[in-house]
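Residues per chain are reported as follows:
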Amino acid sequence: MARVSRKQVNGQAQDKAATRAKYKAAVYARLSAEREDTLERGTIDNQIDFIKDYIEKQEDMETVGVYVDDAFTGTNFERPGFNRMMADMRAGKINAIVVKDLSRLGRDYLETGNLIERVFPMFEVRFVAILDGFDSSKSAAELMVSVTNIANALYAQDISKKICSSKHEKMERGIPVGTLPYGYKAVIGTDKVRQMVVDEEAAAVIRRIADYYMQDRKASEIAEILNSENVPTPYQYRYRNQPEKLALKPHLRWNSELVADLMRNEVYTGKYIMGKDKKCLYKHEKRHVADRADWKVFENHHEPIISYDEFIQINAKRPVKNGDPEREVNLLKGKVVCGKCGSAAKFCAIGAAESSLSSTRKKWRGAALVGGNFRIAKSAFGMAAFR
């Protein structure tokens, strides 16, 4: 057997190291939003471990990032983890993406196919779907991808129909579906059916708000009190054990609109209304308000938190705003916010012939009270925004 010199061994090791660093791989894992109602198998952690093990065995790959979308549907690509991965791809931080299977990337065969056949090649990014045996660095894979993507899209369509059918059946019977209102939690009764019961910790906040209203306190005053005592908002309370969710809305605080919305909700009187809005995942149909005739209304459905008489008195005290039919439509509504506190900006009159885009609301950020105090002439902002 021929003797191998130390120089040759070192050279081979350097070549292997150089080859291994060729692909900076991103681990992408996703689990559907309807995982309790579908046949989704495995967990996010299992997906990540599976992909990392695969990359570790490849001589030309190394893991440089993990991107996760837990509880996000595959029928669209509005996902924070996916968007962050795409941003890193465009920045050149990764040049390979590895998923467990094609359906983890997406179940829309047109968009998924566009990513694999056009977007990834344009950025010279290698894409690997392990269980489907697909590797874009290898030839003759296009047909397999198209067939698999179509199968995934049909699967999503079938599952979506089954979910809708199941939810509709539950709604007809008055069984709560989806996320329950703040102040209530779900339990499984003796008949193994989901039921709404009072969540005493959150219900105490609802009763307190109702008491303040009965004392003729304004919604803005009530919001300031709750913020000063660091009472979690409904969103913060719901995701109190999920820091990744809380990080999406770090400056969320109580405000007059939120307080008023809670007191407008008849659910706190024991009345439950389902089917107010609809959406269809596989058809990309956005959520929209359903016809009132299609609503499912159940009186005395669950234990009330406030009495019906209190509800009537509270809403009788609230001022009624009359809309102005001739008022100019604001195309920027909800699209411009204060850079300090995140409050939405609005147009305010500053003269007979001019108005400004401004934000003066103060919000809490951590322990500090900060607030926007900017004012930009509407005409000047419009020229800059639409130039």
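Everything that follows concerns the structure shown earlier in this document.
First, a word on scope: everything that follows refers to the structure included in this document. (Residues numbered from 1 in each chain as written. Predicted model: local features only at pLDDT ≥ 70, side-chain atom pairs only at ≥ 80, totals over all residues. Heavy atoms only, no water.)

1. So, the overall build of the protein chain
Broken down by element type, the protein chain carries 13 helices and 16 strands. For the protein chain, the share of sequence-separated contacts (at least 6 apart) that also reach a separation of at least 24 residues comes to 61%. For the protein chain, the accessible surface area stands at approximately 24,000 Å², while carbon and sulfur atoms represent 51% of it. (Helix = DSSP H or I, 4+ residues; strand = E, 2+ residues; numbered from the N terminus. Contact = heavy atoms within 4.5 Å. Areas by Shrake-Rupley, 256 points an atom, 1.4 Å probe, with all protein chains shown as cover.)

2. What to know about the side chain of N227
Inspection of the secondary structure assignment puts N227 in helix α8 (residues 219–228). The exposure class of N227 is buried, given its relative accessible area of 6%. Here the side chain of N227 touches W254 through a polar contact of 2.9 Å, landing on its backbone oxygen. (Buried < 20%, exposed > 50% of the residue type's maximum accessible area, 1.4 Å probe, protein only. Polar contact = N/O pair within 3.5 Å; in protein donor to acceptor, adjacent residues only side chain to side chain.)

3. What to know about the environment of Q236
Position of Q236 relative to the elements: it lies in helix α9 (residues 234–238). With 13 residues separating them in the primary sequence, Q236 and K249 have C-alpha atoms 8.8 Å apart. Sequence-distant contacts of Q236, that is, excluding residues within four places in its chain, are made with L246 and L252. A polar side-chain atom of Q236 sits 2.9 Å from the main-chain amide nitrogen of T233. Only 2.9 Å separates the side chain of Q236 from the backbone oxygen of L252, close enough to count as a polar contact.

4. Details of helix α5 (residues 109–122)
The end-to-end C-alpha separation of α5 is 19 Å, in line with the 20 Å expected for 14 residues at 1.5 Å each. When the local axis directions of α5 are compared, the greatest deviation, roughly 40°, occurs at L115. Buried residues of α5: T112, G113, L115, I116, V119 and F120, and no others. In the segment just after α5, E124 is the residue with positive phi, at about 55°. (Expected span 1.5 Å × (residues − 1). Bend = angle between axes of the 7 residues up to and from the residue.)

5. A word on the packing of aromatic side chains
Describing an aromatic ring pair means giving the distance of the ring centres and the angle of the ring planes. As enumerated under the stated definition, the model contains nine aromatic pairs in all. Both rings, one in Y182 and one in W254, keep their centres 6.5 Å apart while their planes meet at 65°; by these two values the pair is edge-to-face. In this pair, Y182 sits in the loop between α6 (142–173) and β6 (184–188) while W254 sits in the loop between α10 (243–246) and α11 (256–264), placing the two residues 72 residues apart along the sequence. Here Y182 matches W254 in class, with each residue buried. (Phe/Tyr/Trp six-rings, centres within 6.5 Å; stacked < 30°, edge-to-face > 60°.)

6. Observations regarding the sheet that holds strand β1 (residues 23–31)
On the basis of which strands lie adjacent, the open sheet formed by five strands has the order β2-β1-β3-β4-β5 and mixed pairing. The sheet terminates laterally at β2 (61–70) and β5 (134–135), the two strands that pair on one side only. Note that strand β3 (residues 96–99) and strand β4 (residues 126–129) share four bridges and pair parallel. The residue of β4 that forms the bridge with A96 is R126. Sitting on the sheet, helix α2 (residues 44–56) is in contact with β1, β2, β3 and β4, with an inclination near 160° to β1. (Pairing = 2+ DSSP bridges. Axes fitted to C-alpha atoms, helices over the stretch in contact; angles between N-to-C directions.)

7. Looking at the pattern of salt bridges
Under the criterion given, the structure shown has nine salt bridges. Of the charged contacts in the structure, one is a salt bridge between E200 and R207, with a shortest N-O distance of 3.4 Å. Overall, the relative accessible area of 46% leaves E200 in the partly exposed class. We classify R207 as partly exposed; its relative accessible area is 28%. When salt bridges with common partners are traced through the structure, they connect D60, R126 and D135 into a single cluster. (Salt bridge = Lys/Arg side-chain N within 4 Å of Asp/Glu carboxyl O.)

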